[in-house]
Number of protein chains: 2
Amino acid sequence: MRISIIGLGLIGGSMGLALRNWAKTEEGQSANLELVGFDAKGKQKALADKMGIFHRYTNTPMDAVKDADIIIVATPVMAVRDTFEDIQNHLKPGAIVTDTCSTKRQVMAWAKELLPTTVSFVGGHPMAGKTASLEEADANLFKGCTYCLMAPVGVKEEAIETIGRLVTIFGANPYFMDAAEHDSYTAAISHMPFLAAAGLVNLVGTSSGWREMSRLASSGFQDTTRLAGGGVAMHLDICRTNSDSIIGWIDRYQKQLSELRELIEQAGLFDERGRPKPESLSEPAGLEQYLKEAAETRERWQASRQQVQLDERSAGVEMPSNKELRSNYTRMLFGSLFTRRKPGQDDPNNPPGSNPSDRK
Amino acid sequence: MRISIIGLGLIGGSMGLALRNWAKTEEGQSANLELVGFDAKGKQKALADKMGIFHRYTNTPMDAVKDADIIIVATPVMAVRDTFEDIQNHLKPGAIVTDTCSTKRQVMAWAKELLPTTVSFVGGHPMAGKTASLEEADANLFKGCTYCLMAPVGVKEEAIETIGRLVTIFGANPYFMDAAEHDSYTAAISHMPFLAAAGLVNLVGTSSGWREMSRLASSGFQDTTRLAGGGVAMHLDICRTNSDSIIGWIDRYQKQLSELRELIEQAGLFDERGRPKPESLSEPAGLEQYLKEAAETRERWQASRQQVQLDERSAGVEMPSNKELRSNYTRMLFGSLFTRRKPGQDDPNNPPGSNPSDRK
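Notes on the structure follow. This one's a predicted model, so the numbers in the text were calculated from it and none came from an experiment. (Residues numbered from 1 in each chain as written. Chains lettered and ligands numbered in written order. Predicted model: local features only at pLDDT ≥ 70, side-chain atom pairs only at ≥ 80, totals over all residues. Heavy atoms only, no water.)

1. Regarding the pattern of salt bridges
We count it as follows: We define a salt bridge as a side-chain nitrogen of Lys or Arg found within 4 Å of a carboxyl oxygen belonging to Asp or Glu. A helix here means a DSSP run of H or I that spans at least four residues, while a strand means a run of E at least two residues long, and both kinds are numbered starting from the N terminus.
For the structure on display, the rule yields 28 salt bridges over all chains. Between Arg226(A) and Asp223(B) there is a salt bridge, with its nearest N and O atoms 2.5 Å apart. Highlighted residues: Arg226(A) in the loop between α10 (219–224) and α11 (232–241) and Asp223(B) in helix α10 (residues 219–224), drawn from two different chains. Note that Glu288(A) and Lys292(A) form a salt bridge whose closest N and O atoms lie 3.9 Å from each other.

2. Re the sheet that holds strand β6 (residues 120–126) of chain A
All names here are of chain A. Operational definition: Only strands that DSSP links by at least two bridges are regarded as paired with each other. Any two residues whose heavy atoms approach within 4.5 Å are treated as being in contact. The angle between two axes is taken between their N-to-C directions and runs from 0 to 180 degrees, where each axis is a line fitted to C-alpha atoms and a helix contributes only its stretch in contact.
Across the sheet, 8 strands lie side by side as β3-β2-β1-β4-β5-β6-β7-β8; this open sheet has mixed pairing. The two strands at the open ends of the sheet, each matched to only one other strand, are β3 (56–57) and β8 (173–176). Note that strand β7 (residues 146–150) and β8 share 4 bridges and pair parallel. From the neighbouring strand, Cys-148 faces β8, where its bridge partner is Tyr-175. Packing of helix α7 (residues 157–169) onto the sheet brings it into contact with β1 (2–6), β4 (70–73), β5 (96–99), β6, β7 and β8, and relative to β8 it is tilted by some 140°.

3. With respect to the pairing of β5(A)
Residue and element names in this part refer to chain A. Just so we agree on the cut-off: Residue burial is assigned from relative accessible area. The probe radius is 1.4 Å, only protein chains are included, and a residue is buried under 20% of its type maximum, exposed over 50%, and partly exposed in between. Here, the term right-handed applies to a crossover whose path from the first strand over the helix to the second runs clockwise when the strands point away from the viewer.
Residues Ile-96 and Thr-98 of β5 are buried on one face, and the alternating residues Val-97 and Asp-99, pointing to the opposite face, are buried as well. Bridge analysis of β4 against β5 gives 4 bridges, and the strand direction is parallel. By the bridge assignment for β5, Val-73 is matched with Asp-99. In this fold, β4 hands off to helix α5 (residues 80–87), which returns the chain to β5; that crossover is right-handed. As defined by bridge partners, β5 adjoins β6 across 3 bridges and the pair is classed as parallel. Within the sheet, the bridge partner assigned to Thr-98 lies in β6 and is Val-122. Handedness of the crossover is the feature at issue here: the chain leaves β5, passes through helix α6 (residues 105–114), returns alongside β6, and the resulting connection is right-handed.

The following block contains the structure:
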């Protein structure tokens, strides 16, 4: 079995390492895995080679996908179109292609437009939440993370199950959703935090007092703006391929800030010109309620996140849907016991609408 | 020498611990320090007592300030007015009062209005960047942090120098500035990050997709929104006593977000309704520039912050202004060798405008 990874950054490299580990397991040995790597930059290939990740490296993406059973495209979003164009005439019939990009509608559209009907495409996005380089590749990067999967209408169930199994090999939890939903949700919980941070940095960085202010900025500023400190190329691609969702969330964020502004005006002991206002005219209840709501939502989320991480760490505890899927996938991956069970069927953890087979 | 601390939270407790350590030094022993603690909540006093922080505790703020040489008011901002009213007729002539609140104009106004002319007031604000409880009090909490000091026009230089020396005993770096400047700067680098985080949390928390989104939120969301997870009472007070500065910064932040929105619209591959736009009509250069500027500003700030922390840690390296001030304060604090040198005089590290004596 041949798995090829195109794009050897943190994600592609970490997947390679996870697959190398899996290859040593009983299941992996019987799969007789060959791992092939390609990156447009020779430097990346040399580094991956030094790290001993892949069995071999190719000089072109065309060579990389030749006879491959699974192809993982782990390039930046805006490079996916060219990659699909490069490989479209070199894919083995029956091959399964997936990607790892942060935005999905555009990638799904390119796949539909450019990949031949003889292959299957399932979109993927690991919520590993880290921007770093190949040097920091880690076989455990995806352990316990939610891994979004987008199955186009009509794609073979075998392809869905194979990619689902691949995700569990990475230690992640497959989470099927629709591409538009994905792009809207990630715009809110991932792209907006980045943009809010970049906006904050430029707000203070372009102000005349920045030289003095920067001395006062402390750990709160540091954490809130962390995302803005890097990953420009990646986020530029994200903004380009998810512009409409992001703009919708910016508009809603502006409304939140306007509401906050009004509540602060009501609660304040100063009027807008900085003139003192009698304390009796100040009404802090609305602002208090707003801040409390944020604190409680944040705390609940943090607690559930910690619970999930705890569950992942304790051996034997597994998400039920995952366990169900896993046993299925294991049988399926090597074609021995493939059943026509739909993923998520009779599964209370996959409510209607979260499963692509419901939409057919 | 008697130092009294009113308000036994993380800040008051940590200052007590730092002073207990200092009392064991040669200089501290000759000062014959007595540390007195008061908190309106008996629970806080009992906990401080269990932690062995203060020599004794009083039942009223009036008793706490009796015969005290230095009084540190470390209560929440909105409790300062009542505290000043309570203690105003019980202060020893010549006593020096300071505070630790996050906003300064209101506190300076209350001090001017309520404290007798027989005592000196110097406002203070340690940029320790942490909201936590007395349990986590730490003698080293202020080590290396910038400690803003606000000296009212006409205050005795002896008071300025005594409080400056106190700050160096905490291991912090005294930084003189004007109260309005302080409130504007901290609104930008401290209060805005908190409000941006609270706005982000309520943005997603009130959305219909939050249940599904929350599964996708990862470490980026976690760090960006950390501040919103607590400290509601403290931030409510901050917003009330700094409403006008904060509102000014919210308006400017909204402008940053509007600029970002426009740049994303230009760079996007979708129009506002989600319809694909030809790549040739997309112009990403402006957005790229915006994001690069944020990343570079953030990186420069981070590097300079790490440099400062490194400098603080390496023994023997000291901010020159600090060293200069320290030798002066040491002589001054016990009245033996008091000189009339102004703080920051001939000091290249205290440029004009950062020193209150320049404004007289």
